Amino acid sequence: MKTKDQLKDMELPAGIRERYVNGVNGLTVHVLEAGFDTPKRPAVLLLHGFPELAYSWRKIMLPLAAAGYHVIAPDLRGYGRTTGWDNDYDGNFASFRTHELSRDALGLMMAMGHDSVYAIVGHDVGATVAAYCALVRPDFFRSVVLLSCPFGGMPPLPFGVGEHPAPNLQQTAPAQDPLASLSRPRKDSTTYFSSSGANNEMLNCKQGLHNFQRAYFHVKSADWSQNKPFPLTSGTAEEFAKLPTYYVLDLDKTMPESVAPYMPSQNEIAACKWLPDIDLDFYTQEFKRTGFQGGLNWYRCTTNGLNRSDLELFSGHTIDVPSCFISGIADWATFRPPGALEQMQSQACTKMESFHIIEGAGHWVQQEQPEQLTGLIVDFLQHVK
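Residues numbered from 1 in each chain as written. Predicted model: local features only at pLDDT ≥ 70, side-chain atom pairs only at ≥ 80, totals over all residues. Heavy atoms only, no water.

## Some remarks on the pattern of salt bridges
Definition in use: Any carboxyl oxygen of Asp or Glu that lies within 4 Å of a side-chain nitrogen of Lys or Arg is treated as forming a salt bridge with it. Helical segments are the DSSP runs of H or I of at least four residues, strand segments are the runs of E of at least two, and each set is numbered from the N terminus. Accessibility here uses a 1.4 Å probe with only protein chains present; expressed as a share of the type maximum, an area under 20% marks a residue as buried, one over 50% as exposed, and anything in between as partly exposed.
If you walk through the whole model with that rule in mind, you get 17 salt bridges. The salt bridge partner of Arg77 is Asp104, with a shortest N-O separation of 2.8 Å. Taken together, the residues Arg77 in the loop between β4 (70–74) and α2 (98–111) and Asp104 in helix α2 connect sequence positions 27 residues apart. Each member of the pair, Arg77 as well as Asp104, carries the same accessibility label: buried. Asp277 is the salt-bridge partner of Arg214, the closest N and O atoms lying 2.9 Å from each other. With a gap of 63 residues between them, Arg214 in helix α6 (residues 209–219) and Asp277 in helix α10 (residues 277–290) connect regions that are remote in the sequence. Each member of the salt-bridge network shares a partner with another, and the members are Glu18, Arg81, Glu286 and Arg289.

## Observations regarding the sheet that holds strand β5 (residues 119–123)
Inclusion rule: Following DSSP output, two strands are said to pair if at least two bridges run between them. Angles run from 0 to 180 degrees between N-to-C directions of axes, and those axes are lines fitted to C-alpha atoms, restricted for helices to the stretch in contact. Here a residue-residue contact requires only that any non-hydrogen atoms of the pair lie within 4.5 Å.
Across the sheet, eight strands lie side by side as β1-β2-β4-β3-β5-β6-β9-β10; this open sheet has mixed pairing. Either end of the sheet is taken by a strand with one partner, and the two such strands are β1 (17–24) and β10 (352–358). Sheet twist, expressed as the mean angle between neighbouring strand axes with direction ignored, is 20°. Bridge count for β1 against strand β2 (residues 27–34) is six bridges, and the pairing is antiparallel. Among the inter-strand pairings, Arg17 is bridged to a residue of β2, identified as Glu33. The strands that helix α13 (residues 340–348) touches are β6 (144–147), β9 (323–328) and β10; relative to β10, the one it contacts most, it runs at about 150°. The sheet contacts of helix α15 (residues 370–382) involve β3 (43–47), β5, β6, β9 and β10, and relative to β10 the element is tilted by about 170°.

## Some points on unusual backbone geometry
Between Phe50 and the following residue, Pro51, the backbone shows a cis peptide bond with an omega angle of -10°. Relative to the assigned elements, Pro51 resides in the loop between β3 and α1 (58–66). With phi around 65°, Lys40 is a residue other than glycine that occupies positive phi space. The exposed category is assigned to Lys40, whose relative accessible area is 85%. The backbone phi angle of Ser148 is positive, close to 80°, even though this residue is not glycine. The residue Ser148 is located in the loop between β6 and β7 (186–188) in this model. Residue Ser148 is classed as buried on the basis of its relative accessible area of 0%.

## As for α15
The line we're drawing: One less than the residue count of a helix, multiplied by 1.5 Å, gives the span that helix is expected to have. Directions pointing from the helix axis toward each C-beta atom define the arc.
Helix length check: α15 (13 residues) gives 18 Å between terminal C-alpha atoms against 18 Å at 1.5 Å per residue, within 8%. Along α15, the positions that sit buried rather than exposed are Pro370, Leu373, Thr374, Ile377, Val378, Phe380 and Leu381. For α15, the buried positions fall inside an angular range of 160° around the axis, keeping them on one side. Residues of α15 that are exposed and point more than 90 degrees away from the buried face comprise Glu371 and Gln382.

## Observations concerning the nonpolar core
What counts is decided by this rule: We define a nonpolar core as any set of buried Ala, Val, Leu, Ile, Met, Phe, Trp, Tyr and Cys residues linked to one another through side-chain atoms lying within 4.5 Å.
Leu45, Leu46 and Met255 are the most contacted members of the largest nonpolar core, which has 118 residues in total. The element that contributes the greatest number of residues to this core is helix α3 (residues 125–136), accounting for nine residues. Apart from residues lying up to four places away in sequence, Leu45 is in contact with Ile72, Pro74, Ala105, Leu108, Met109, Val117, Ala119, Ile120, Val121 and Phe141.

Here it is as structure tokens:
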């Protein structure tokens, strides 16, 4: 990766500044912040998802600052201008598990002089990290806003089985992925993102990085008319196969190949006010420089069980700080995994005080509908006790 001295300028609204914070869990963290000119403001921490950046929060930072908060948006480990992480597929990918990303969040806020966070806001993978932070350190992260991805609770451990015969621990060949056994063989996007070829296939795809990112952002947004999500009735392969191909790919396809047929027309691109080409160019510039491997490593921690092994320590725990869930009406992530949304509302978050589905938004809710989103977050924060 290039050093920060070789980076191109980032076009930011007046009132948002860049900072580099050293010594955070082995990282130098690149941060965007607003509301920094008034000391002692309550902190709001914004955690982006994949494949996004701190830049993804640019539209809601100033309105949150205007409501009285010190707003902080870092490039997460593996992304953008944050340095100190291993981008080698064969490197230490365990450093990208949810537990470490949460340590990064805690360490960053302490390094910036905050002894607590009024609200941690996470989108996509960032929502998973935000939920973990709120569950493990409710003394520090006083409230949580989850965008797009629901928190269905900690994984259960076997209960009441101590008197049963010990299971057969002899190793057996891994069972074939049920999705691969369908008449139209498929694979989940998390499986694809965990593969050794995913980074190169996306970075050096046939249509070019810019066009791949344009198609990927488009197909997961409300602009793609075929996004009409609904709850799945189970976790069977047949049910999962109902998801769009950007979530459940054909077995022999890459992600760029999967989204290429849905590349928007020039007229559609010109009409896309929430992500004009000049903004998309910034994503292209950053990922061309860093690659995707850092972000992809979190998926590897999920598919190989590292994340689950950390989470099992907190089996049975719930998020007990005030919580809020917001998603776009055209966002399939709301219903992944099946049942998580209902579990979040009924038991996993004991103080779920705010729940909203936003019209006119798909997965990129903070970019597609920033005004609606900001209004809902501010209203939630003003009622946190």
